[in-house]
Every structure is written in C-alpha cells, then in structure tokens.
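# Tertiary structure, described
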Amino acid sequence: MAALKRPGVLGVHSVNRFIFSVPDLGEAERFYKAFGLDVRRSGQRLDLYTYGHPHCWASVHEQGEKKKFQYISYGISEEDIDAFRKRITACEPHPLSDGKGLWLLDPDGVPNQLVVGPKVSPSAKTLPVGKAQVPPGKGAAPTRSRATPVRPRYLSHVLRFTPDVPRMTRFCTETLGMRLSDKSADIVAFIHGAHGSDHHLVAFAKAGAPGLHHTSWDVGSFDEVGQGAEQMRAAGFTDGWGVGRHMLGSNYFYYVRDPWGSYAEYSFDIDFVPHDLDWPAADHAPEDAFYVWGPAMPENFVTNYEGQ
Ligand SMILES: [Fe+2]
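A brief report on the enclosed structure follows. (Residues numbered from 1 in each chain as written. Predicted model: local features only at pLDDT ≥ 70, side-chain atom pairs only at ≥ 80, totals over all residues. Heavy atoms only, no water.)

### A look at the overall build of the protein
How we decide: By the criteria applied, helices consist of DSSP H or I runs no shorter than four residues and strands consist of E runs no shorter than two, each listed in order from the N terminus. Only protein chains enter the area calculation, which uses a 1.4 Å probe; residues under 20% of their type maximum are buried, those over 50% are exposed, and those in between are partly exposed. Here, residues are in contact when the closest pair of their heavy atoms is within 4.5 Å. Note on areas: these come from Shrake-Rupley sampling with a 1.4 Å probe, and a residue is covered only by the protein chains present in the view. Under the convention used here, Asp and Glu are negative, Lys and Arg are positive, and both His and the chain ends fall outside the count. For charged residues, the charge sits on one atom: NZ in Lys, CZ in Arg, CG in Asp, CD in Glu.
If you tally the helices and strands in the protein, you get five helices and 18 strands. If one aligns the C-alpha atoms of the protein with their principal axes, the spans along those axes are about 65 × 45 × 40 Å. Expressed as a percentage of its 308 residues, the buried residues of the protein come to 53%. Counting only contacts in the protein whose residues sit at least 6 apart along the sequence, the fraction spanning at least 24 positions is 70%. Accessible surface computed for the protein: about 13,700 Å², of which carbon and sulfur atoms make up 52%. For the protein, the distance from the average site of its 32 positive side-chain charges to the average site of its 36 negative ones is 4 Å.

### Side note on unusual backbone geometry
Residue V243 follows G242 across a cis peptide bond; omega there is 0 degrees. Secondary-structure assignment places V243 in strand β14 (residues 240–245). In this structure, A185 takes a positive phi of about 45 degrees despite not being glycine. Tracing the backbone through its elements, the reader meets A185 in the loop between β9 (179–184) and β10 (188–192). Its identity as a non-glycine residue notwithstanding, S250 has a phi of 70 degrees, on the positive side.

Okay, here's the thing in structure tokens:
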C-alpha cells in the first residue's frame, strides 16, 4: 500500500534513526537489552531494533567521556528528494554515518540526514494488544513468576534539548515540513509528521545546550508500561518517573533513567494525527505540559547531562 501523504506538502515522514555516542558500549547493550529491544552489535557500534520489525531505529557508538547526541536521520519519499535538495543548504555528512542522502545542519548545529526510505512512523492509530478472555473463577492479572518480557513495538518519538525551542520549531515546520502539535510557552514543543504520525515524532525542551532527553517506545498495553518498569527495576535500573499519564499526547508513560542521565520511555496509547487532519495546535499552561497524574516528577528529570 502506498504511504498516505498530505497533498502539496514537502515534509519528512518518519524519524529514520537517531544516533548518539556513549563511553561504554557494554553498558548501553545491557540497558537496551533489559529494556526489551533487539540489540545487535556491529564492531564498535550497537544497532537498536524492535522485535518483529525490520527497521533499525538507532545506532549507538562508543566514543568520548560522556553521552553525546550525534545526529538525527529523517525518512523522506523518493519523489521529494529533488525538492528537498533545492530547499536546503547542504552540509557534510556526519563522519559516523553512511554518507547517504541529503545533509543539513539544524539551528543547534546538529547534522540532519534526509534519506529515502519506507515510512516507518505509523499511518494509523496503533492498536492495543488484545486482552485474553478470562473465564469466571480465574484471576485476570498476569503471573509474576512467569511474566513474559516486555518488548516495545516501534520508536514513537525523540525528545531533544535545545537552547531555543521556537527556533527549532520553525526549522522543523518550515524546512522539514512537519507540523506543531502543542507547546508550552518557549519551554517545550511537540511536533508531528505532516503525512501522519503519532502526536509527536520529535519534541524539544529548553536547556542551555543541545542534547538527547529521551526516546520513546510504543508498547501494546497499559499493563506493559507497568511491567516494563518492573522489568527494568529487576535488571537494576531503578531510577525513573511514572507510571503516569501525559496530557499532551495523552500517552501513559514510564521513563527509565539510562546510565547517562537521559531516559527511555515505555509509551502506550499516544494520540495519532492522520495525514488529512489539522491538529489544533495550542499553547498550554506549563502545569499541563508534563502530566495529568502520576508520581511527582524527579528533580533532575529535565537536567541536560550533555551540557547545561
Ligand atoms: Fe515522550
């Protein structure tokens, strides 16, 4: 089936991949395996897949003294490459990349790759996994001793730190052809793909320097959000935030803190914005920007450990 497109809009359709580096690849391998991803080592690099999906969502390189967000790669349609080439000011490909596609710097100086590829963002609301019918007299809760591991289904979004949220928002909408979903003043902005995507494909939070705040991975049920949290606690990754529910995006969440002070999010039931719907973007009060309910947000939740 041909991917749905918003007519007349030149825009990226997916986050093809995100790429960052860490000091110790072994630590990254332990974290993401415990999280439930299909982690494949390739020399001094890890590639992150979700089980049952052919796409590679992320690459992690071993480099430097601390975690560093390196670049982001967006998926575009074949017929759009010439128009994008005309629109952008090209830069050199990132040295850790395959060099393919088009390259440009975003306003934070981070390289962005535009590469022709399949639309890996959802094109319809993602359905929950079916609930097993439980006969009368049998408990509905899963068995703790025989819990099946939680395995995310796909990468939903990437939230980055930026010194200038409005500037990054303009870049995403005007140059990359995405659309604003919701924002709160100049503190945070959530942005979706014009050709249909989750409520946010990328999002930006204000900080003194660029960085990676969290990546979010869709799971099939509310139960899996809680079981994911438990799975990570059992693996020794005890710090996090949740379980709770966001207002902007509506998803249920649990964020587990990774070894470098950023987060991986289990997300369930995020709002979907179809390719033919104009989402009513709004500016929300700061107290609505983070959550509807859940435990208090940890004090260091929005600390950028890649630079203040
Ligand atoms: Fe998120």
